[in-house]
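The residues making up each chain are set out below.
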Amino acid sequence: MPSAFRALAFLGATLLAAANAAAQPAGSSPASAPAGSTAAITDTALGGGRSGGTFFVLAEVDGKPVRTAIENSQRASQWQGANLRLVGEERQVAAGRVKLRLVARVAHAAPIAEIFGALRNDPVAGVIEVELQPAGRYRVNGILDTYRREVWLEEEGTQRLLGEKIVQPPSAQAQAQMAEATSFACCNLRYDDGWIGDDTYTGMPFVPAGARIRFLEWGRNRANVLIDGRKMSIGVDLTKMTREQFAKMTIVDENPSTRIDTWPAEVQAAVRGGKVMPGMTREQVIVALGYPRLDAGRTLEAQEWTYWLAEREEFSIVWGEDGRVKAVEAATRIKQQVMPRP
């Protein structure tokens, strides 16, 4: 073959290899997985609104940055003031052995809130090396409060952990406060800034069930407390309950995490994500969503419970004869936010 033809053949093969490499998804495809096979990794985003959102995201694959739910949410929230609109992110990553950088942090919509939030909140970040299965589905998840600051990768559905958890230990001050706290959050307690009331929306950020609570003092219509080292107030907005009655409902002596750990894996995942699903018991729904509003003659024995995702965004939980959730009645858009993904 003439040298000119050999050079052209070599150049063509080189360009083809480069094009194939550019078409590959994030990360490389090691020999342990079929060439071109991928896995899906989804970020987790919780909260939203003026208080910002808590994010557990995949930030890098084999040292290369990838788009995250944080960037998506902040981009979607431009020109909306301080309200953060949550937008998720799912990306395809080459199956096989990869190094993933995971990040857990609180983010805000308004630039000034983001700056001050960064000063107050120390992100949790680190790199894990894992083996992703072809066509596998995975989620970045974690816990981010004063006492537990963790991020990890898990299989969707089974919640099986991949690799090691990335853990940032609590501060000495937080550990001292934790040792003095002998009560716990009964359920996922939705809050607005530092206020936990009886008229809240399930779309708000929440203090997780089992968070340690230390009582400080009584206020006019509230109990002032430390929850995971943060000063907050628990009180009555709407119902005719007294502050003592409402505090007794929400602050309990027995850690609900002990019971949560005995529930089926899919129920545990829904509860920890603040979601509801068919088959849940009344106790499991309360732990996941908090108590339904008990004004206007409503009781816990009713065959239908009403919650609000946000103002004028209502959904109903219908109970079956077996005492478990029979159906969630709501617009499709609301169902997608209050129920786990199939």
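Residues numbered from 1 in each chain as written. Predicted model: local features only at pLDDT ≥ 70, side-chain atom pairs only at ≥ 80, totals over all residues. Heavy atoms only, no water.

### Concerning the sheet that holds strand S16 (residues 222–227)
Next up, step 1: Spatially, the six strands line up as an open sheet ordered S13-S17-S16-S15-S11-S18, and their pairing is mixed. What marks the edges here is a single partner per strand, and that holds for strand S13 (195–196) and strand S18 (251–252).
Next up, step 2: As paired elements, strand S15 (residues 212–218) and S16 share five bridges and run antiparallel to each other. Paired with glutamate 217 across the strands is asparagine 224, a residue of S16. (Pairing = 2+ DSSP bridges. Helix = DSSP H or I, 4+ residues; strand = E, 2+ residues; numbered from the N terminus.)

### Observations concerning the pattern of salt bridges
Next up, step 1: The final tally for this structure, using the stated rule, is 16 salt bridges.
Next up, step 2: Between glutamate 311 and arginine 312 there is a salt bridge whose closest N-O contact spans 3.4 Å.
Next up, step 3: Among the residues examined, arginine 312 registers a relative accessible area of 72% and is labelled exposed.
Next up, step 4: Among the charged side chains, a network of salt bridges with common partners joins Glu90, Arg137, Arg139 and Glu156. (Salt bridge = Lys/Arg side-chain N within 4 Å of Asp/Glu carboxyl O. Buried < 20%, exposed > 50% of the residue type's maximum accessible area, 1.4 Å probe, protein only.)

### Comments concerning the sheet that holds strand S19 (residues 304–310)
Strands belonging to one sheet form pairs held by backbone hydrogen bonds; the direction of such a pair is parallel or antiparallel.
Next up, step 1: Here we have three strands laid out as an open sheet, ordered S19-S20-S21, and antiparallel in their pairing. The open sheet terminates on both sides in strands that have one partner only, identified here as S19 and strand S21 (325–329). Strand after strand, the sheet turns through a mean of 25 degrees between neighbouring axes, direction not considered.
Next up, step 2: In this sheet, strand S20 (residues 313–319) lies alongside S19 in antiparallel orientation, the contact comprising six bridges. In the sheet register, threonine 306 faces S20, and the bridge partner there is serine 316. (Axes fitted to C-alpha atoms, helices over the stretch in contact; angles between N-to-C directions.)

### Quick look at the side chain of glutamine 284
Next up, step 1: Residue position: glutamine 284 is located in helix H8 (residues 282–289).
Next up, step 2: By relative accessible area, which is 6% here, glutamine 284 ends up buried.
Next up, step 3: A polar side-chain atom of glutamine 284 sits 2.9 Å from the main-chain amide nitrogen of threonine 281. (Polar contact = N/O pair within 3.5 Å; in protein donor to acceptor, adjacent residues only side chain to side chain.)

### Quick notes on the layout of surface pockets
Next up, step 1: Approximately 160 Å³ is the volume found for the second largest pocket.
Next up, step 2: If you trace the second largest pocket, you find it lined by Cys186, Met249, Val252, Glu254, Pro256, Arg259, Glu283, Ile286, Val287 and Tyr291.
Next up, step 3: For the lining of the second largest pocket, the element with the most residues is H8, which contributes three residues.
Next up, step 4: Per-class residue counts for the lining of the second largest pocket are seven nonpolar, no polar and three charged. (1 Å grid on protein atoms, 1.4 Å probe; cavity = no way out; pocket = protein on both sides within 12 Å on 5 of 7 lines; lining within 4 Å. Points joined across faces, edges and corners; volume = space filled by probe spheres on them. Nonpolar A, V, L, I, M, F, W, Y, C, P; charged D, E, K, R; others polar.)

### Topic: H8
The α-helix winds at 3.6 residues per turn, so residues separated by three or four positions along the chain end up facing the same way.
Next up, step 1: Counting buried positions over the eight residues of H8 gives six, a clear majority of the element.
Next up, step 2: Buried within H8 we find Gln284, Val285, Ile286, Val287, Ala288 and Leu289.
Next up, step 3: Of the surrounding elements, those touching the buried residues of H8 are strand S12 (189–190), helix H6 (257–260), helix H7 (265–272), S19, S20 and S21.
Next up, step 4: The positive-phi residue at the C-terminal boundary of H8 is glycine 290, with phi of around 85 degrees. (Contact = heavy atoms within 4.5 Å.)

### Considerations on empty space enclosed by the protein
Next up, step 1: In this structure the tally under the stated criterion is two cavities of 30 Å³ or more.
Next up, step 2: By volume, the largest cavity is sized at about 260 Å³.
Next up, step 3: In this structure, the largest cavity is lined by 24 residues; those nearest its centre are Gly197, Asp198, Thr200, Gly290 and Tyr291.
Next up, step 4: Residue composition of the lining of the largest cavity, by class: 13 nonpolar, eight polar and three charged.

### Let's talk about the pairing of strand S2 (residues 44–47)
Next up, step 1: Relative to strand S3 (residues 53–61), S2 is paired through four bridges, and the arrangement is antiparallel. If you follow threonine 44 over to S3, its bridge partner there is phenylalanine 56.
Next up, step 2: Hairpin connection from S2 to S3: five residues lie between these consecutive antiparallel strands, with glycine 48 at a positive phi of about 100 degrees.

### Some remarks on the confidence of the model for the protein chain
Any segment with low pLDDT has predicted coordinates that should not be analysed in fine detail.
Next up, step 1: On average, residues of the protein chain score 84 in pLDDT, and 86% of them reach the 70 mark or higher.
Next up, step 2: The element-level mean pLDDT for the protein chain is lowest in helix H1 (residues 3–23), coming to 42, with strand S4 (residues 64–65) highest at 97.
Next up, step 3: Note on residues 1–24: pLDDT is under 50 here. Beyond four places in sequence and across chains, it has three contacts. (pLDDT = per-residue confidence, 0-100.)

### A short note on the side chain of threonine 250
Next up, step 1: As for its position among the elements, threonine 250 is in helix H5 (residues 243–250).
Next up, step 2: Threonine 250 gets classed as buried once you look at its relative accessible area, which sits at 2%.
Next up, step 3: Once you skip the residues sitting within four places of it in the chain, threonine 250 turns out to touch Phe184, Ala185, Cys186, Leu189 and Ile234.

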